[in-house]
Amino acid sequence: MLDLELIKKIDLQDCPYCGGPAILEEENGRWFYVVCGDCGSVTCEIEYTSDENREEAAQQVAHLWNIGKINKTGVGE
Ligand SMILES: [Zn+2]
């Protein structure tokens with residue numbers, strides 16, 4: 001479960017493909033990725049190993065999203 005403190009620190013741009021909302025997702029308490037709420041385009045997963053580098057991993061995956069390192073997996077192509 002994502003905590004609000006962390007979400008507030010993470011700055012995500014809208015999806016470059018469809019303009020949809022970017023969502024930071026955390027899975028299994030082990031890694032983050034960012035996914036578009038509309039078209040489903042995703043970044044790769046950034047894994048973290050401890051609470052200390054958890055926020056760093058979140059920032060990293062947000063950065064990947066913001067510079068456009070995104071796998072376009074949307075339908076309709
Ligand atoms: Zn999108």
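Refer to the preceding data block for the structure.
Residues numbered from 1 in each chain as written. Predicted model: local features only at pLDDT ≥ 70, side-chain atom pairs only at ≥ 80, totals over all residues. Heavy atoms only, no water.

**As for the sheet that holds strand 2 (residues 31–36)**
Put simply, the rule reads: By this definition, two strands are paired if DSSP reports at least two bridges between them. In this text, helices come from DSSP runs of H or I with a minimum length of four residues, and strands from runs of E with a minimum of two, each type numbered from the N-terminal end.
The three strands are arranged 1-2-3 in an open sheet whose pairing can be described as antiparallel. Each edge of the open sheet is held by one strand with a lone partner, namely strand 1 (22–27) and strand 3 (46–47). The pairing of strand 2 with strand 3 spans two bridges and is antiparallel. Directly across from Trp-31, in strand 3, lies its bridge partner Glu-47.

**Comments concerning the coordination of the zinc ion**
Stated formally: Metal donors were taken as nitrogen, oxygen and sulfur atoms no farther than 2.8 Å from the ion, or 3.2 Å where the ion is Na, K or Ca. Water is excluded, so coordination may look unfinished. Geometry is assigned from donor-metal-donor angles: four donors are tetrahedral when every angle falls between 85 and 135 degrees, four are square planar and six octahedral when opposite donors sit over 155 degrees apart with all other angles between 65 and 115, and any other arrangement is irregular.
Within the protein, Cys-15 (SG), Cys-18 (SG), Cys-36 (SG) and Cys-39 (SG) serve as the donor atoms for the zinc ion, at 2.3 Å. Viewed at the metal, the four donor atoms of the zinc ion are separated by angles of 101 to 114°, and the geometry they form is tetrahedral.

**Thoughts on the nonpolar core**
Counted only if it meets this: Here the nonpolar core consists of buried residues drawn from Ala, Val, Leu, Ile, Met, Phe, Trp, Tyr and Cys, with membership extended through side-chain atoms lying within 4.5 Å. Think of it in three bands: with a 1.4 Å probe and only protein chains considered, a residue is buried below 20% of the maximum accessible area for its type, exposed above 50%, and partly exposed in between.
Counting residues in each nonpolar core, the largest one holds 17 residues, and the members touching the most others are Ile-10, Leu-24, Phe-32, Val-34, Ala-58, Val-61 and Trp-65. Of all the elements in the fold, those that place two or more residues in this core are strand 1, strand 2 and helix 2 (54–66). With six residues, helix 2 is the single largest residue contributor to this core.

**Some words on the environment of Leu-2**
Formally: Contacts are assigned to residue pairs with any non-hydrogen atoms lying within 4.5 Å of each other.
Inspection of the secondary structure assignment puts Leu-2 in the segment before helix 1 (4–9). Taking relative accessible area as the criterion, Leu-2 reaches 22% and is therefore assigned partly exposed. Once the C-alpha coordinates of Leu-2 and Leu-24 are considered, the two residues, 22 residues apart in sequence, prove to be 8.6 Å apart. Those residues in contact with Leu-2 that lie beyond four places of it in its chain are Ile-7, Leu-24, Glu-26, Phe-32 and Arg-54.

**Considering the pattern of salt bridges**
Put simply, the rule reads: Salt bridges are defined by distance alone: a side-chain nitrogen of Lys or Arg within 4 Å of a carboxyl oxygen of Asp or Glu.
Going through the model one piece at a time under the given rule, you end up with five salt bridges. Linking Lys-8 and Glu-5 is a salt bridge whose minimum nitrogen-to-oxygen distance equals 3.4 Å. On the criterion of helical spacing, the pair formed by Lys-8 and Glu-5 is a turn pair, its members being three residues apart in helix 1. A salt bridge links Glu-55 to Lys-9; its shortest N-O distance comes to 3.0 Å. Of this pair, Glu-55 sits in helix 2 while Lys-9 sits in helix 1, and the two are 46 residues apart along the sequence. Residue Glu-55 is classed as partly exposed on the basis of its relative accessible area of 30%. A relative accessible area of 45% places Lys-9 in the partly exposed class. Because the salt bridges share partners, they merge into one network encompassing Asp-3, Glu-26 and Arg-54.

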